Structure formats: C-alpha cells, structure tokens
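# A look at the structure
Okay, here's what each chain looks like letter by letter:
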Amino acid sequence: MNSIRAFRASAGVFLVLLFLISCGTLPEVPGADEMTEESEYIPLEGGALVYVLADVQKARPILELVQIPEMNEKQAKQMIDKTRYAAAALYPPESGRRFHLTAWGAYPGFRAAMAFSMSRNWKKQRSAAALPYWYSAKDRLSVALNAKQAFVSAPLNDVPLEPFFSSPGVEAPEGFGEFRRGAIVSCWFEHPAAMAGAALEKMQIPLQLPAERIFVSLFPAAGRIEAEGGKTAGETESPQYEALIRIQVASAAQARALAALLTLARAFLPAGIPEADGPASVAALLFARAPVQNGANLDIRTAALTQEDIALLFSFFSVYSD
C-alpha cells in the first residue's frame with residue numbers, strides 16, 4: 001500500500017497550498033458538511049485504501065510531530081490554527097490518484113490570491129459541475145477552496161483530476177461513527193490483511209490476520225495515573241493518548257481463535273516497554289493488553305502513548321509500508 005511517509009509528505013504540500021491560496025475562489029460545495037459522529041458519508045472519493053478523520057485542534061500535539069520540509073514552524077502553526085477538521089484518503093496506484101483531502105476552517109485571502117493567480121505553475125480549471133479549481137502539472141495537484149472548505153486531490157499522472165467528490169461521498173462503515181466517538185484522530189483501512197501481516201512479521205509474531213477491515217481511533221488518556229510521580233495525564237507536561245484498534249474478520253469463531261493466538265503471542269513479549277526503539281517496543285505498545293473478542297471483531301487497546309511513542313509508531317509503519 002501507499003506508505004504513511006508519502007502521506008505525511010502530501011500533507012506537507014497541502015499545508016503549503018493553504019498558505020498560498022485565496023479563500024474566495026469557490027462557492028460552498030453541497031454535501032461537504034463538517035463531520036460529526038452521526039455523519040453517514042465522508043466527503044471524499046471512493047476506492048481508497050485508508051480514510052482518516054482528524055479534529056485538528058484537539059490533535060495538534062500529534063500533528064506537530066509531522067515534519068514538513070516545505071514550511072517553517074511559523075507557517076505550519078498558522079495553518080493548524082486555521083483548520084478545525086480534516087478528512088483524507090490514500091489510494092492504490094491503479095486508481096490513478098495519490099490522495100484526496102477535504103478540510104474545514106477559516107482560510108486566508110488577498111495575498112494568497114495574488115500569488116496563486118500570478119504563478120506560472122497553476123492553471124484555472126472547471127469541474128464537470130462547472131466548479132472552479134486550480135491545477136499544477138508540475139506538482140500534480142488540484143486545489144479548490146472557499147472561506148470554510150478546502151479540497152485537494154493529487155493524480156498520479158499529468159491529467160488534471162478535479163478535487164471534488166462524487167456526491168454523496170463515501171459511506172462510513174457500519175459502527176464506525178460510534179467507534180470514533182470522542183476520538184481526536186480516527187481511520188479505517190479497507191482490505192488490510194497484507195498490511196497487518198507485514199506489521200506482525202516485522203514484530204516477529206508469526207501470525208496472519210485475515211482482516212476484512214481495521215478501525216483505529218486515538219483518544220486522550222485523561223485521568224490515567226503515570227507509573228512515576230502518580231500524576232494524571234492531564235497534569236503532566238506531555239499529554240498521553242490511547243489507541244483503540246478494531247480488527248474485523250469473517251466470523252465470531254475466527255475472531256475467537258485469533259484472540260486466543262494473540263493472547264498466547266503476548267506471553268513472549270518483553271515485560272514493559274523496551275527502551276530501545278524498534279519492533280519489540282512497537283509490539284509492547286500495541287499489545288500491552290489482551291485483545292477482547294466482540295462478535296466478529298477483535299478490540300485491542302494500546303498502552304498509554306506519549307508523543308514520543310506515537311512518533312515511534314509513525315516511523316515503524318513508514319518503514320514497513322514502503
């Protein structure tokens with residue numbers, strides 16, 4: 001699948017564009033309402049490998065972990081300040097699309113409009129519905145936005161690809177709204193068996209997960225007592241988080257068997273979190289607690305995660321998904 005590293009690079013390009021583009025180029029797009037837990041549809045194009053939703057303001061300590069070469073720290077902070085919520089998707093190569101992103105916020109204006117219209121790299125286009133957008137063949141990016149919404153699409157070839165979505169968007173999987181309730185970042189993976197198998201192999205866990213879909217939600221670990229000092233997560237200098245992972249398989253019997261195998265595998269993991277970064281540390285973070293069967297699902301709650309732990313997970317999954 002596309003690497004998380006590529007997604008982070010694409011996110012950097014997107015933030016640069018938000019710094020350069022006018023807020024008045026596009027009327028509001030029907031169906032692109034801001035996301036809630038009750039939303040049945042995500043305003044993105046279908047066919048992706050992974051769909052990600054983020055409450056940008058609540059997740060900013062995590063987003064600030066992403067290094068963006070195209071922007072300095074001040075510019076990145078300005079863009080995070082201006083964006084409330086974002087939805088993004090990564091696509092397989094055969095789709096002809098790299099990524100698609102919809103964001104909601106309050107975006108700047110006049111200086112950006114001048115820079116955008118005067119650039120040789122950007123040409124104004126019209127979508128099939130006659131909505132205006134800008135396309136750069138050099139960067140292979142299509143962009144449109146108004147004062148409240150931004151749309152970005154990245155084709156894999158030199159053909160302009162409009163940044164909008166086919167109404168009504170992508171239908172959220174059953175149970176996903178409830179699963180992500182209260183999360184600051186959530187996502188679901190389509191057809192993730194190969195990805196999950198590669199991760200387990202790297203962690204030296206000889207097990208294949210016949211996963212049909214995987215949900216992941218990240219929550220603040222409010223009220224968790226730290227091992228040292230007895231402080232809650234809210235009282236520490238660095239916030240802590242917990243991730244909930246739901247692995248959907250074909251049947252309850254299969255989920256029960258996999259839960260037993262993962263519980264057995266946990267017995268061979270080192271006690272606590274190893275100090276050295278690497279697969280053992282990742283395994284200890286992900287499998288700190290025994291998986292819980294929930295019908296045809298396996299629910300796994302991670303250990304409390306610091307920002308450094310999340311950076312480690314980013315690094316690990318960037319490596320194995322290349």
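The shown structure was predicted, so the numbers you read here are calculated from the model rather than taken from an experiment. (Residues numbered from 1 in each chain as written. Predicted model: local features only at pLDDT ≥ 70, side-chain atom pairs only at ≥ 80, totals over all residues. Heavy atoms only, no water.)

### Examining the environment of F317
Relative to the elements of secondary structure, F317 occurs in helix α9 (residues 307–320). Residue classification places F317 among the buried positions, given a relative accessible area of 18%. Linking F317 and K202, residues 115 residues apart in sequence, is a C-alpha distance of 10.0 Å. (Helix = DSSP H or I, 4+ residues; strand = E, 2+ residues; numbered from the N terminus. Buried < 20%, exposed > 50% of the residue type's maximum accessible area, 1.4 Å probe, protein only.)

### Structural notes on the pattern of salt bridges
All chains considered together, the criterion is met by nine salt bridges. Of the charged contacts, one joins E178 and R181 as a salt bridge, the two residues approaching to 3.1 Å between their closest N and O atoms. You can call E178 exposed: its relative accessible area is 55%. Taking the relative accessible area as the measure of exposure, R181 reaches 39% and is therefore partly exposed. The salt bridge involving E242 is made with R301; its shortest N-O contact spans 3.5 Å. Of this pair, E242 sits in strand β12 (residues 241–248) while R301 sits in strand β14 (residues 297–301); the two residues are 59 residues apart in sequence, bridging distant segments of the chain. A network of salt bridges, in which partner residues are shared, links E38, E178 and R181. (Salt bridge = Lys/Arg side-chain N within 4 Å of Asp/Glu carboxyl O.)

### Some points on the packing of aromatic side chains
The way to describe two aromatic rings as a pair is by their centre distance and the angle between their planes. In this structure the tally under the stated criterion is seven aromatic pairs. Centre to centre, the rings of F176 and W188 are 5.0 Å apart; their planes meet at 70 degrees, and the pair counts as edge-to-face. Note that F176 is positioned in helix α5 (residues 176–179) and W188 in strand β10 (residues 185–190), a separation of twelve residues in sequence. Both residues of the pair, F176 and W188, count as buried. When the centroid spacing of 5.4 Å and the interplanar angle of 55 degrees are considered together, the rings of F179 and F215 count as tilted. Of this pair, F179 sits in helix α5 while F215 sits in strand β11 (residues 213–220), and the two are 36 residues apart along the sequence. Owing to a relative accessible area of 5%, F179 belongs among the buried residues under this scheme. The buried category is assigned to F215, whose relative accessible area is 0%. Chaining the aromatic ring pairs together yields one cluster made of Y51, F176, F179, W188 and F215. Above the face of the Y91 ring, R97 is positioned so that its terminal group lies 5.4 Å from the ring centre. (Phe/Tyr/Trp six-rings, centres within 6.5 Å; stacked < 30°, edge-to-face > 60°. Lys NZ or Arg CZ within 6 Å of the ring centre and 35° of its normal.)

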